[in-house]
Amino acid sequence: MTGGAVPGPDGRPRCPWGISSEDYTRYHDEEWGRPVRGDDALYERLSLEAFQSGLSWITILRRREGFRSAFAGFRIPEVAAFTDTDRERLLADTGIIRNRAKIDACLDNARRLADWEPGELDALIWSYAPDPAARPAPRTLADVPAVTSESTALSKELKRRGVRFVGPTTAYALMQACGLVDDHLADCAARGGPPA
């Protein structure tokens, strides 16, 4: 689908992906593209985007509560203190994606981030938000990039600091999900804020 916004069941125009299921509609309308601030909240999104790599986002979305339960609400200090026993528990947890490399990256990232100053992850990620005035609103899905110079630079800096599983595409998905960019289509009711 490369067209513009399409009407959802309530008649409001939405990005085409935002009407494919009730879960997507809720996520599209209430979360995607809305500013997310705070180290723990951004660590959660960073982790979920890493788990999504190679999978459909709906798979992650439907397991998000399982992830939150398994990863102590994504509170960085708590996850950083996870032991080998916790790792084995995660590898056996059917409520999450049991991918060893992704679990290990999530745990390692928490350990690294626990050494950062409070607010440092938030400040770093948001420092890569592009000027919204310099980005025209996408008219179709074909106008939405998968990678940008900002996401490439963010990925490079996170990797330089030891954060794993965050390539340029994952970094851009994080930027979209956390409101650093507004990639709702130009005629989408959710562009610029939640639908009325």
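These numbers were taken from a predicted model, which means no experiment stands behind them. (Residues numbered from 1 in each chain as written. Predicted model: local features only at pLDDT ≥ 70, side-chain atom pairs only at ≥ 80, totals over all residues. Heavy atoms only, no water.)

Visitor: Hey, could you run me through the overall build of the chain in this one?
Guide: On a plain count of helices and strands, the chain comes out with 10 helices and 2 strands. Listed by position from the N terminus, the elements making up the chain come as β-β-α-α-α-α-α-α-α-α-α-α. Relative to the compact-globule value of 16 Å for 196 residues, the chain shows a C-alpha radius of gyration of 17 Å, a close match. Residue burial in the chain is summarised as follows: out of 196 residues, 47% are buried. A fraction of 67% describes how many contacts in the chain between residues 6 or more apart in sequence connect residues 24 or more apart. (Helix = DSSP H or I, 4+ residues; strand = E, 2+ residues; numbered from the N terminus. Rg over C-alpha atoms; globule rule 2.2 N^0.38 Å. Buried < 20%, exposed > 50% of the residue type's maximum accessible area, 1.4 Å probe, protein only. Contact = heavy atoms within 4.5 Å.)

Visitor: Mind showing me how you'd approach the environment of Gly 193 here?
Guide: Along the chain, Gly 193 falls in the segment after α10 (168-177). Considering only alpha carbons, one finds Gly 193 and Trp 32, 161 residues apart in sequence, at a separation of 9.8 Å.

Visitor: What is the right way to read the environment of Arg 14 from this model?
Guide: Inspection of the secondary structure assignment puts Arg 14 in strand β2 (residues 13-14). Remark: the alpha-carbon pair of Arg 14 and Ser 151, spanning 137 residues in sequence, is separated by 25 Å. Beyond its immediate sequence surroundings of up to four residues, Arg 14 is in contact with Ala 5, Val 6, Gly 8, Ile 19, Thr 25, His 28, Asp 29 and Cys 188. A distance of 2.7 Å separates polar atoms of two side chains, one belonging to Arg 14 and the other to Asp 29. (Polar contact = N/O pair within 3.5 Å; in protein donor to acceptor, adjacent residues only side chain to side chain.)

Shape is all these values report; function is a separate question.
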